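# Geometric and topological summary
Okay, here's what each chain looks like letter by letter:
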Amino acid sequence: GDVVKKGTVLASISNADYLASLQKSQATYQSEQARLRELENGARPEELAIAKSDLQVATQNVEQAKLQLVEEVKDSYSKADEAIKNKADQVFRYPRTTSPEFIYFVDGNPTLKSSIEFQRLRITEQFPAWQNLVATVNAQNITDAKVGEAKKYLSQVQTLMNDLNTALTATSQNLNDNSTAAGYRADIILARTNVNSAIQALNTAYNTLKNNESAKGRAEETLGLKKAGSTAEEIAAQRAQANSAAAGISSASASL
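Keep in mind the model is a prediction, meaning the values are calculated, not measured.

### As for empty space enclosed by the protein
A complete count under the given rule lists 1 cavity of 30 Å³ or more for this structure. Estimates place the volume of the largest cavity at around 40 Å³. If you trace the largest cavity, you find it lined by Ile 123, Gln 126, Phe 127, Trp 130, Tyr 153, Gln 156 and Val 157. Among the elements of the structure, helix H3 (110-136) and helix H4 (144-170) are those that each provide at least two residues to the lining of the largest cavity. The element that contributes the greatest number of residues to the lining of the largest cavity is H3, accounting for 4 residues. A per-class count over the lining of the largest cavity returns 5 nonpolar, 2 polar and no charged.

This is the structure:
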């Protein structure tokens, strides 16, 4: 019984989904267009400033890491020198000659005694080269090769300290009843701990430098890309994305 006039809408098909699809297509198009303008205009001054700042920080981190690595190379030598001359040499006769002699007999392992004596001789022969490395290394000339050389020397000292601990544990003399010998063993254990700590610290410093160098490389690449701007291919690809988004609007409008 309602009264209606010509043109009055009596009913309509729900179109909320189609309207939402159109709005989504329009938003996508706007986003793609903004990205296209960004590529065409290149990096903003603010972005370049940030990239330059990031590179500067990364460079400083590398320099600091180099200084720390040099300090660890020198500290590792000091700890090794202390371990050998003030701790290990107590259990040798003529330790710094061409004929070092371990003063104890090793039960059940006669070759260990001769091995220890040979290791002590090798360390004596190599200490001058290690001293020269420590005297000349700095943040400007530190290299993987020099770090590797320091690690090699440290490893030899570590092996000797481990073998000395094994030998003093297996010796026929009862070290628990001999306060002097027991003191030797305690010194060897302490020296071995210090050498192991030096190795760990050196490895940590080396890995830190490598990580910082990688970060610097990434910062340099980022700055280079910012300065270079987008390639013609990247702009063309983005323009195609924008055109595709425009077609999406047309399709959604037709559906609506």
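### Points about helix H6 (residues 232-255)
Note on helix geometry: an α-helix contains 3.6 residues per turn, so any two residues three or four positions apart are oriented the same way. Here H6 is 24 residues long and its end C-alpha atoms lie 35 Å apart, about the 34 Å a rise of 1.5 Å per residue gives. For H6, the elements touching its buried residues are helix H1 (16-41).

### Points about the side chain of Gln 238
Topologically, Gln 238 is positioned in helix H6. When residues no more than four places from it in sequence are discounted, the contact partners of Gln 238 are Glu 32, Arg 35, Leu 36 and Leu 39.

### As for the pattern of salt bridges
A side chain of one charge can pair with a side chain of the opposite charge when the charged atoms of the two come close. Across all of its chains, the model carries 10 salt bridges by this definition. Its salt-bridge partner being Arg 93, residue Glu 101 comes within 3.1 Å of it at the nearest N-O pair. Assessed through its relative accessible area of 31%, Glu 101 is described here as partly exposed. If you follow the salt bridges from partner to partner, you end up with Asp 89, Arg 96 and Arg 120 in one network.

Rules used in this analysis
Residues numbered from 1 in each chain as written. Predicted model: local features only at pLDDT ≥ 70, side-chain atom pairs only at ≥ 80, totals over all residues. Heavy atoms only, no water. 1 Å grid on protein atoms, 1.4 Å probe; cavity = no way out; pocket = protein on both sides within 12 Å on 5 of 7 lines; lining within 4 Å. Points joined across faces, edges and corners; volume = space filled by probe spheres on them. Helix = DSSP H or I, 4+ residues; strand = E, 2+ residues; numbered from the N terminus. Nonpolar A, V, L, I, M, F, W, Y, C, P; charged D, E, K, R; others polar. Expected span 1.5 Å × (residues − 1). Contact = heavy atoms within 4.5 Å. Salt bridge = Lys/Arg side-chain N within 4 Å of Asp/Glu carboxyl O. Buried < 20%, exposed > 50% of the residue type's maximum accessible area, 1.4 Å probe, protein only.

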